[in-house]
Each structure stands twice: as structure tokens, then as C-alpha cells.
Amino acid sequence: MRDHAQKQTAAPPDVPRTDDHCVYQQVARLLSEEPQLEAVAFQPENELLSIATLGKDSGDRIADRVSAAVSGRKEQCGVLDAVGNCEQCGEPPSRKVGDANVVVKEVLGSTVIEKLTCRTATRFWQWNQVRWPRAGCCGSSGADIDPDEWKRLTVRAASCLLFGLAALAAQRMGATASIVLSFFAVSYLCGAWDAARESWQRLRRAELDIHFLMLAVALGAASIGAWHEGALLLFLFSASGAMEHYAGARTQREIGALLRGAPKTATVLENGQEMEREVESLATGMHIRVRAGEQVPVDLRITRGESACDESNLTGEARPVAKQPGDVALAGTLNAWGVIDGEALRPAHESALQKIVDLIAQAQHLKAPSQRFSDRFGTSYTYFVLGASAAFFFVGWLLFGWPAFVERAGTASAFYRAMTLLVVMSPCALVLSVPSAILSAIASGARRGVLFRGGAAIETLADVRTVALDKTGTLTAGIPVPVRIETFAGEENAVVSAAYNLARLSHHPLSRAIQKIGTQRGLAAVEFTHAESVAGSGITARHQGLLYVLGSRRFVASAMREVPCTAVTPNETDVAEVWVAGPKLCGRLLLRDELRPEARAMIEQLRHSGIRTVMLTGDRAETANAIALQAGVDEVRAQLSPEAKVAAIQELKQRGAKVAMIGDGVNDAPSLAAADVGIAMGARGSDAAMEQAEVVLMNDRLESFVTAYALSRRAKKIIGENIAISLGTVVVMALLAVTRGIPLSLGVLAHEGSTVIVVLNSLRLLFAQKERSSL
């Protein structure tokens, strides 16, 4: 690509990130996150997508991520207009990328986004074409399905059936051939309409698929006078397509419920006056009022008022959750009875609700390992079926002496038998076997407060035999309550004020507890600068040039050696201490975090299922052992830094078993990434944890892990059943078609019947009652 004239635009480093939904930004972000990915080229108008990597893309992981990034954008995004701007957003690619290390160029009609690198390095790039993401029958992702498309497909399938029956009735009544053929022609037109459109689009890309095979068989049946069997094939094929679209629409409806009824405007408090503002215009720090019966527009930290919020649409929690000053009210939840004022924590497009919806959308495009197998198998298998059917025709005609095209003396023609073999060997059910189950499991999990970020997470979680758990916010409630405040220098109010304002810079559960203390005391907010956070230890910042520190005893002592941190360790083993120090002040806050009520029962359930549990925590050994004893954890590892947690995960993986890690904080993000399956605790967890996790427990309830595990086991079982049904049907019916000869109508019923069974079997995940908290 580099040997041709190119139009190149380098992104200036100081350009801010604009529309986050533009494909340029999504691809640029992937280039920065994936060291192996070097470039992405695409032509939306021709639906062409390619990636360049250093080395092999193992398991198509990078290809899946690129496909997911492109799939969620409007079709015109990524197309440059006459002056080189994005047609969707109207901005030059350089501005949209916003990364000095990435360039955008046009090469032979393709838009190429690549890393800045030397010319020699490009010789080692491996270019591979990636399937353009699209929704459609037999293997669609389901993420972009029109919710009403299944109704139109149903009407066309029903019309195909009715006109086919009318043709048979006219034939029995002795109608003329032209009338009978007219009815069959309309039946064919209704049944083949969608398959013909899909086949044409793929033929333009030199691809053959199941739609082409079905059309070929239907036309072949018509050519030898078997109109009724061709009509039956098209009816069942279009009916199964309608059923698949219905399953996809049902999945989308379950997920769409998360955003249903989201508010468009919000009440903003400005200088004591109430003002109506668009939700999209809300910014961090704005003061917002939410009345009883209204939905919370953005994530808020409550500053005034008490109420309870219905979080069922977001977390699955059936009962309203009490809210008071210092608590967080999540966007999309319903304020049940009181009037609450709060400070916006982040814009609407960065809210916990929107992140979950975005993660679900991404999850629907990420394929499971078994789905990658079925995709590759299905694509190459289509050509094999065509070749095998053609060979069977010539063998029957030339070797066994069967009539070529017309039945003679009760002997079926070789062409008829070849068409039957082609039908029964078509892989429609196989291609649907995995994605239909995965999409149903994702939607079923979302309804139960569990978010699976793709099929790989579902399949891997089913094989987990060791579960590592963080302590604070995971095994414990994550809402520490103050036991006492001890002051060693300065006044207590100054110590608490410093702790409160430093805690505002952190998302750790202990920091959130300190923020709540400060809010309830009505302490004034003080701006700190030069903040530096050390995961698992604490945070330092400056106010008016003076250093302040918040964190563990060891961290504070090392950061401010002139401040004595010599107080004795608390006698209570279940109490956590947070030290704070600054100019002429020093103290500590003692906080107690209670074990989650459901923790022990959940650990016991896992033990009965043969799953080993390990607690990984940065807390002191005495506190960790006390909590572990209450919970019944099998193994405890305390006083671990984030790096030590990762090493512990690696050690557990070396034992040969799949390892899951459950955590909620920023310091848990590395270990979540290191585990075979990372599981984040809920919408209240840190952004870093949610980004690294493959599974999110949206309701912040630990027992939801049991639900996730049971659902993944069931989904994997159904995937196995679907593959067995689809392959078993192909093998049995192919053998009968070759050795005994079967009617084309029977082959059609077996082929389409297996497809319907696979879809219905997958829908069991969607329509089943709520999983019991039992394994």
C-alpha cells in the first residue's frame, strides 16, 4: 500500500478528543491499546476491512476487537468527503484521532489508520482481511437487528406458505398449468426475497453462503418440476430466519430496557435558582435536583436530602436502596420518594448506565472460541457441500446409471438426489448453534444483573475451578463505617477536612467512606494540585504548595518522615486504619467494614461445587484472617501490592486450573486482567475494574457470581447440545441421502427442523426463570 501516492495527515498532540463514537477514535484507541496491531484499512461503501499485525493474531482476538469498533458506527462514518473530512462528523481525521502517534491516509480508495513507524518495520506487517460486521440470518451478531424485521419476515414466510398451498389446491382442482405456476412463482418470490438480497450482497464480495445454497436447491427443484418441494424449502428457510430475527429482537429488547424512559432534561441549580437543561449538556460539578418520581439524569453524589432509589433496571436489586448525603445515585435509577440534591460526578455519556450499555453492545460482537470455529467451519464447509453435491451428481449419473435430470421408471434422477444431499448437508444450524446461545445468555445475564462481555467470557467462566477474591468491597460490603478518629497533631476537624478532600481524589471504598463522613459533617471542598496516587498504598497532593498525604501507615511514614506514625496498631482485628498527615497535623481514621451477609453462603456453594477460593488483599494480615475466618475462604494472602496480586494470580494459573478474579477497585484492575476471567463488582466499581473485567456483577451482590457461573455452565451445555444436534442431523441425513435416497421434502424438514430446534434450544436461556442461587 505504501508504494502509491498517499494523502497523509498527522494528528496534532494538543487536539482534544471530540465525538467518541467516531470510528477514527475507536480504531486509534485500539492501536494504542494493542501493541501487536499496526494498522487498520476499511472501505465502508464496499464493506471491506483489513488489519495489519506484527505476528499472528492468535484466536482472532484483535480482529474481533476491530470488527466490534467498526460495527457500532454509522455506515458513512469512516468515509471521507471531497475535502478530506469525515462525512458523519464533518471533521478531518487528524482532529478525530487526536493522537500524535497515529496517522490517517487514503490509499487506493481505502481509509488507512496506522501507527507512526519506520518504513522498514512495515515489511514485517501481516495484512489480513476481516469479515465486515453486519446483521443477517444464519450467524448474525444480533446487535443491529431491526426489532420489527422479524414481523416482515414472518409475513413473507406466511405468504410463501399460503401461495404454495394455493398452487397445490389449484393443481388438485385441475387448474391450468399457467395458474398453478403463477401461484408457485409468487410463493417463490415471497420465500426467496430476503435470501436473494443477502446472496447478492455476498456474491459481490465473491462469497458463497447458506442463502445461495438454498436458492440453488429451490431453483433446481423448480427446474425438474418439483415446485412444491422448492416452495416448502423456501417457506421453512424464511420461517427459520424470522424466528432467528425474533430471538435477536427479544435479546435487544431485554438490553434496551436499561435505557427505556431515560430523562432528556434535568433540573440544574444555579445561584439558588432552578433551571431546565438538556441531559447531554450536563458537566461534572453541576448541582442537580431530583424530585420524587423522577429518574436520576447523571451519576450524582448526594449533598442534601434523603430518599431511596429504585435500581432494578440497572442492578437487578428488587428493593429501593436508601440514599443520604455522601451516597452515590446512579444515572437511570428512579428516585422513589424524597427530594435530593447532588453534584454531578461525570457527564451523561460517561455514566455507569451508559458504560454498561456500551459494554453490552461490544459484548454482542465479541465471539466465543467455539463460534470462531463454527464461522470458519461454516464458510469453508459451504464450498465443500457444493463440491460434494456436484461429485455425487456425476457419480450417480455416470457410474450408477441414474437418470440425469428427469425421474424414469420410479428411479429418482441424479440431480434430484444431489439437491437433496446439498440441502441436508447445509450448515445453517451449525452456524447458528453458538451465536444464538451466546446472545441469549448475554441478554439473560443482563436481566439478572450480570453483564458478560462476550462469548469467550461465558465459555471460560464455565471451566473455572479457582476463584480469587478481593476483600474490601468484594467479600465485605465496601461501605466502611467510622469507629473512631484519633488525632496526634492539630485539631480533629482539620484532620478530617484534610482526609475528606484527599479522599475526593480517589475511588477506593475507604476513600468513599471518608467522603461520606466529610459530606455529613458539611465540610468545605478544598482544591488540591499535583495529586499522585499509588495503587494499594495511598495518595499525595499539595495545597498552597504544602504536601498532604492519605493512605496506609507505611505510605504516610515514607512520604512525610517528619511526621511520627508511631501509634499502636488497633486491637480490633476487623478495623482498617487510614492515616492522614500534613503541615502541623497528623491523625488516623479507624473504619470497620462488615462481611457481606451473603458471602459465607456463596463461598460454601462454591466449595460444594469443587471450586477453591482464595482471598487476595492489601490489608494487614490480622484483618484479612478475621474476615476470611468469617467467610470460610480456603486460602488467605494479605498485605499484597497490586503487583503481588498479579503474581499470585499467575501462580494459581500455573496449577493448571482456570482462575477467576473478583474485585472492584483500581488496584484490582491488573489482577482482573491477569486472571482467565476478570469479574468486577457492579456499577459502583471503579472504571478501571470495569474496563478490565470480562464479567460485571451490576447489582454489587456477591451471590450474583453464582448466577453468572450457573448461567455460563448452562450456556456451554446448550452450545454443546446445539453443535451435536446440527452436526448429528447433517451426518445422519447425509448418509441416508447417499445410501438409501430420501425425498427432498424430508431433507428440507430435517434441515430446517434442526435449525428451528437450535434456535428454540438457545431461547431457553432467555425465557427460563431466574437462576437459583445454587450450583
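Just so you know, these numbers come straight off a predicted model, no measurement behind them.

Peer 1: Help me understand the pattern of salt bridges in this model?
Peer 2: Pairs may arise between side chains of opposite charge once their charged atoms sit close together. Tallied over the full model, the rule gives 24 salt bridges. Lys516 is the salt-bridge partner of Asp327, the closest N and O atoms lying 3.0 Å from each other. Of the two residues, Asp327 sits in the loop between strand E12 (321–323) and strand E13 (328–329) while Lys516 sits in helix H16 (residues 509–521), which places them 189 residues apart along the sequence. One salt bridge connects Arg637 with Glu635, and the closest N-O pair in it is separated by 2.8 Å. Assigned by exposure class, Arg637 and Glu635 land together as buried. The network of salt bridges with common partners includes Arg484, Glu486, Arg553, Glu577 and Arg588.

Peer 1: Whenever I open this one, the sheet that holds E12 confuses me. Can you help?
Peer 2: In spatial order, the strands read E12-E11-E14; together these three strands make up an open sheet with antiparallel pairing. Either end of the sheet is taken by a strand with one partner, and the two such strands are E12 and strand E14 (334–335). Pairing analysis gives two bridges linking strand E11 (residues 307–310) to E14, with the strands arranged antiparallel. Each bridged residue has a counterpart across the sheet, and for Asp310 the counterpart in E14 is Leu334.

Peer 1: I keep staring at the sheet that holds strand E8 (residues 273–278) and nothing clicks. Help me out?
Peer 2: Working definition: the strands of a sheet are paired by backbone hydrogen bonds and lie parallel or antiparallel to each other. Here we have six strands laid out as an open sheet, ordered E8-E7-E9-E15-E10-E13, and antiparallel in their pairing. The open sheet has two edge strands with one neighbour each: E8 and E13. Both strand E9 (residues 287–290) and strand E15 (residues 340–344) contribute to a ladder of four bridges, which runs antiparallel. When the sheet's bridge partners are listed, His287 is paired in E15 with Glu343.

Peer 1: How do you make sense of the nonpolar core when you look at a structure like this?
Peer 2: Counting 58 residues, the largest nonpolar core has Val424 and Met425 as its most contacted members. Top contributing element to this core by residue count: helix H11 (residues 414–425), with ten residues. Ignoring any residue separated from it by four or fewer positions in sequence, one finds Met425 in contact with Tyr381, Phe384, Val385, Val730 and Ala734.

Peer 1: How do you make sense of helix H12 (residues 428–447) when you look at a structure like this?
Peer 2: One turn of the α-helix equals 3.6 residues, which is why residues spaced by three or four share an orientation. Spanning 20 residues, H12 covers 28 Å between terminal C-alpha atoms, matching the ideal 28 Å at 1.5 Å per step. Looking one or two residues beyond H12, the residue adopting positive phi is Gly449, at roughly 85°.

Peer 1: Looking at this structure, how should I read the packing of H11 against helix H24 (residues 744–767)?
Peer 2: Relative placement of two packed helices is described by the angle separating their axes and the distance separating the axes. Between H11 and H24, whose axes approach to 8 Å, the crossing angle comes to 5°. Taken together, H11 and H24 sit at an angle that is classed as roughly parallel. Contacts between H11 and H24 pair Tyr416, Met419, Thr420, Val423 and Val424 from the former with Leu744, Gly747, Val748 and His751 from the latter. Within the contact of H11 with H24, the residues separate by chemical class into six nonpolar, three polar and no charged.

Peer 1: Would you take a moment to explain the packing of aromatic side chains for this structure?
Peer 2: Pairs of aromatic rings are described using the distance from one ring centre to the other and the angle between the two planes. Under the criterion given, the structure shown has 15 aromatic pairs. Aromatic pair Phe405 and Phe415: ring centres 5.4 Å apart, planes at 50°, arrangement tilted. In this pair, Phe405 is assigned in the loop between helix H10 (369–399) and H11 and Phe415 in helix H11, connecting sequence segments ten residues apart. Its relative accessible area of 44% is what places Phe405 among the partly exposed residues. Among the residues examined, Phe415 registers a relative accessible area of 16% and is labelled buried. With centroids separated by 5.3 Å and ring planes inclined at 20°, the aromatic side chains of Phe488 and Trp579 adopt a geometry described as stacked. Here Phe488 is found in strand E18 (residues 481–489), whereas its partner Trp579 is found in strand E22 (residues 575–582), with 91 residues between them in sequence. We classify Trp579 as buried; its relative accessible area is 0%.

Peer 1: Explain the environment of Gly449 to me, please; I cannot follow it from the model alone.
Peer 2: The topology assignment puts Gly449 in the loop between H12 and strand E16 (450–452). Sequence separation of Gly449 and Arg701 is 252 residues, and the distance between their C-alpha atoms is 9.0 Å.

Peer 1: Help me out: how do you make sense of unusual backbone geometry in this one?
Peer 2: Backbone phi values are negative for most residues with the exception of glycine, while trans is the configuration of most peptide bonds. One non-glycine residue with positive phi stands out, namely His530, at about 55°. Inspection of the secondary structure puts His530 in strand E19 (residues 529–534). In this structure, Gln639 takes a positive phi of about 55° despite not being glycine. Following the sequence through the fold, Gln639 ends up in the loop between strand E25 (635–637) and helix H20 (642–654). Taking relative accessible area as the criterion, Gln639 reaches 52% and is therefore assigned exposed.

Peer 1: Is there a simple way to think about the environment of Val180 in this case?
Peer 2: Tracing the chain through its elements places Val180 in helix H5 (residues 177–203). Given the relative accessible area of 6%, Val180 is considered buried. A C-alpha to C-alpha distance of 9.2 Å links Val180 and Gly164, two positions 16 residues apart in sequence. Setting aside residues no more than four positions away along its own chain, Val180 makes contact with Ala167, Ala170, Gln171 and Ala175.

Peer 1: Help me out: how do you make sense of a nonpolar patch on the surface in this one?
Peer 2: On the surface, a cluster of nonpolar side chains totalling about 330 Å² of accessible area is made up of Leu161, Leu162, Leu165 and Leu168. Among the structural elements, Leu161 can be located in helix H4 (residues 149–172).

Cut-offs and rules
Residues numbered from 1 in each chain as written. Predicted model: local features only at pLDDT ≥ 70, side-chain atom pairs only at ≥ 80, totals over all residues. Heavy atoms only, no water. Salt bridge = Lys/Arg side-chain N within 4 Å of Asp/Glu carboxyl O. Helix = DSSP H or I, 4+ residues; strand = E, 2+ residues; numbered from the N terminus. Buried < 20%, exposed > 50% of the residue type's maximum accessible area, 1.4 Å probe, protein only. Pairing = 2+ DSSP bridges. Core = buried A, V, L, I, M, F, W, Y, C linked by side-chain atoms within 4.5 Å. Contact = heavy atoms within 4.5 Å. Expected span 1.5 Å × (residues − 1). Axes fitted to C-alpha atoms, helices over the stretch in contact; angles between N-to-C directions. Parallel < 35°, antiparallel > 145°, perpendicular 65-115°, else oblique. Nonpolar A, V, L, I, M, F, W, Y, C, P; charged D, E, K, R; others polar. Phe/Tyr/Trp six-rings, centres within 6.5 Å; stacked < 30°, edge-to-face > 60°. Patch = residues over 30% accessible without salt bridge, like charges linked within 9 Å, V, L, I, M, F, W, Y side chains within 5 Å. Areas by Shrake-Rupley, 256 points an atom, 1.4 Å probe, with all protein chains shown as cover.

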